[in-house]
Amino acid sequence: MRVYNFSAGPSMLPQPVLERAREEMLDWRGSGMSVMEMSHRGSHFNEIARNSEAALRELLGIGEEYYCLFLQGGATGQFAAIPMNLLGERRKMDYVVTGSWSKKALAEARRYGEVRVVASSEQDKFTTIPDPSTWQIDPDAAYLHYTANETIEGVEFPFVPKTDLPLVTDMSSNLLSRPLDVSQFGLIYAGAQKNMGPAGICIVIVRQDLVRDPLPVTPSIWDYRLQAKEGSMLNTPPTYNWYVLGLVLEWLREQGGVAAIEKRNIEKADLLYQAIDRSDFYHNPVDPRYRSRMNVPFTLADPSLDAVFLKEAEAQGLVNLKGHRSVGGMRASIYNAMPIEGVRALVDFMQEFERRYG
Ligand SMILES: *Cc1c(COP(=O)(O)O)cnc(C)c1O
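Residues numbered from 1 in each chain as written. Predicted model: local features only at pLDDT ≥ 70, side-chain atom pairs only at ≥ 80, totals over all residues. Heavy atoms only, no water.

## Observations concerning the site of the ligand
Around the ligand, 13 residues are found, and the nearest of them are Thr76, Thr151, Asp170, Gln193 and Lys194. Separating an oxygen atom of the ligand from a side-chain N or O atom of threonine 151 is a distance of 2.4 Å. Taking 390 Å² as the accessible area of the ligand by itself, protein coverage stands at 87%. Residue contributions to the shell around the ligand peak at four residues, all from helix H3 (residues 74-86). Per-class residue counts for the shell around the ligand are three nonpolar, eight polar and two charged. (Near = heavy atom within 4 Å. Polar contact = N/O pair within 3.5 Å; in protein donor to acceptor, adjacent residues only side chain to side chain. Areas by Shrake-Rupley, 256 points an atom, 1.4 Å probe, with all protein chains shown as cover. Helix = DSSP H or I, 4+ residues; strand = E, 2+ residues; numbered from the N terminus. Nonpolar A, V, L, I, M, F, W, Y, C, P; charged D, E, K, R; others polar.)

## Some points on the pairing of strand S4 (residues 114-120)
Here six bridges tie strand S3 (residues 92-97) to S4, and the two strands are oriented parallel to one another. Among the inter-strand pairings, valine 96 is bridged to a residue of S4, identified as alanine 119. Running through helix H4 (residues 100-109), the crossover from S3 to the neighbouring parallel element S4 is right-handed. (Pairing = 2+ DSSP bridges. Right-handed = clockwise from strand over helix to strand, strands pointing away.)

## Quick notes on the sheet that holds strand S11 (residues 282-283)
On the basis of which strands lie adjacent, the open sheet formed by three strands has the order S11-S12-S14 and antiparallel pairing. In the strand order of this sheet, the two ends are held by S11 and strand S14 (330-333), each with one partner. Two strands pair when backbone bridges link them, and S11 and strand S12 (residues 295-300) are joined in this way by two bridges, in the antiparallel orientation. Along S12, the bridge assignment pairs tyrosine 282 with leucine 300. This element, helix H7 (residues 257-278), spans S11, S12 and S14 of the sheet and lies at about 20 degrees to S12. (Contact = heavy atoms within 4.5 Å. Axes fitted to C-alpha atoms, helices over the stretch in contact; angles between N-to-C directions.)

## Overview of the environment of valine 343
Within the secondary structure, valine 343 is located in helix H9 (residues 340-357). Exposure remark for valine 343: the relative accessible area of 0% places this residue in the buried category. The spacing of valine 343 and leucine 271 is 72 residues in sequence and 7.5 Å in space, taken between C-alpha atoms. Sequence-distant contacts of valine 343, defined by excluding residues within four places in its chain, comprise Lys268, Leu271, Leu272, Ile334 and Met338. (Buried < 20%, exposed > 50% of the residue type's maximum accessible area, 1.4 Å probe, protein only.)

## Digging into the pattern of salt bridges
Under the criterion given, the structure shown has 18 salt bridges. A salt bridge links arginine 57 to glutamate 53, with the nearest nitrogen and oxygen atoms 2.9 Å apart. Placement of both arginine 57 and glutamate 53 in helix H2 (residues 43-60) is noted, with a separation of four residues, approximately one turn of the helix. With relative accessibility at 26%, the residue glutamate 53 sits in the partly exposed group. Taking the shortest distance from any N to any O, the salt bridge between arginine 253 and glutamate 58 comes out at 2.9 Å. Placement of the pair is arginine 253 in helix H6 (residues 239-254) and glutamate 58 in helix H2, with a sequence separation of 195 residues. One salt-bridge network, in which partners are shared between bridges, spans Arg20, Glu24, Arg29 and Glu250. (Salt bridge = Lys/Arg side-chain N within 4 Å of Asp/Glu carboxyl O.)

## Digging into the side chain of asparagine 241
Along the chain, the position of asparagine 241 falls in helix H6. When residues no more than four places from it in sequence are discounted, the contact partners of asparagine 241 are Pro198, Ala199, Gly200 and Ile201.

## Description of the sheet that holds S3
A sheet is described by the order of its strands in space; here seven strands give the open sequence S2-S10-S9-S8-S5-S3-S4, paired in mixed fashion. Every other strand in the sheet has two partners, leaving strand S2 (66-71) and S4 as the edge strands with one partner each. Across the sheet, the mean angle separating the axes of adjacent strands is 20 degrees when strand polarity is ignored. Pairing of strand S8 (residues 167-170) with strand S9 (residues 187-191) involves three bridges; the strand directions are parallel. Across the sheet, aspartate 170 pairs through a bridge with tyrosine 189, a residue of S9. The sheet strands contacting H3 are S2, S3, S8, S9 and strand S10 (202-207), and the helix crosses S9 at an angle near 160 degrees.

Note that every value here comes from positions in space, so none of it alone points to a role or purpose.
Rendered as structure tokens:
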């Protein structure tokens, strides 16, 4: 029996994708071998790689002036690769800090140049987004970085910040959850294991003219120009993960693309937040304007019931609801692959639980 898996990442994948991968496990489309056994330089894998890039470009309307890279090292690797490739002579970067992940991005960037915090919501325990009119952006910085969805705190930007600097954004947990005007960005990056596929592969979409000569310390595998030249195959890429990511992109296309999935994501998030807000038993601490559609943290009025809640939820096939250790309570991650039935089952369980313990 499949459960409803509310894990923040690695997370639930669409069932048709898993079924397709199972069907093709021993013999990928008449090749007589598994994708795991193929040469990354051969024509079969080439087709997989080309098709996945085409699907990504089509889904997000990515222009020719952008590289689409499929890299290893996760979003965490990009925390370093971004300054290495975009700083050039400038050596200064601006960061907006709205949660745990933007804080980590900033800490890593510090190793490569001068980093400024243009705004932070840490005083508000990362439950909001600082008013953009108060951001102190340095016109000489190489770029402005922000985290579009803070996976741990459940804070999501409903707007794209306005700035003359190239905009760099970590969309690890919300890329492909809604339509996006890529041309507003200099660089978008996202690890796949939240909303797009298995762990081990990371997408980087970067405007070509922003890529400078990399800092001399830059490892070749994180040299964007070199990776672009080599079709993201400077070394052996994570072939199977790339393939599954491609299946997810195909699935998303069949669902009607990002506009269609956004409607469903809004519906799911509304259902869950309304259930939380209607009750005095559950509570979500985030400024309602900036609540994430993807990650919904909530607490119980009586935290001593947390363990019982988790145990009973699990018994009903609702798993991985434990909140991140840094914030406690619960967290329901409801990415593209989570069907509305899963959210309904969670809401029903929560109401039942409140009736019995509230
Ligand atoms: C999970 C996550 C990361 C880290 O991803 P890794 O692939 O583990 O490096 C970075 N940023 C955000 C927003 C995340 O959700």
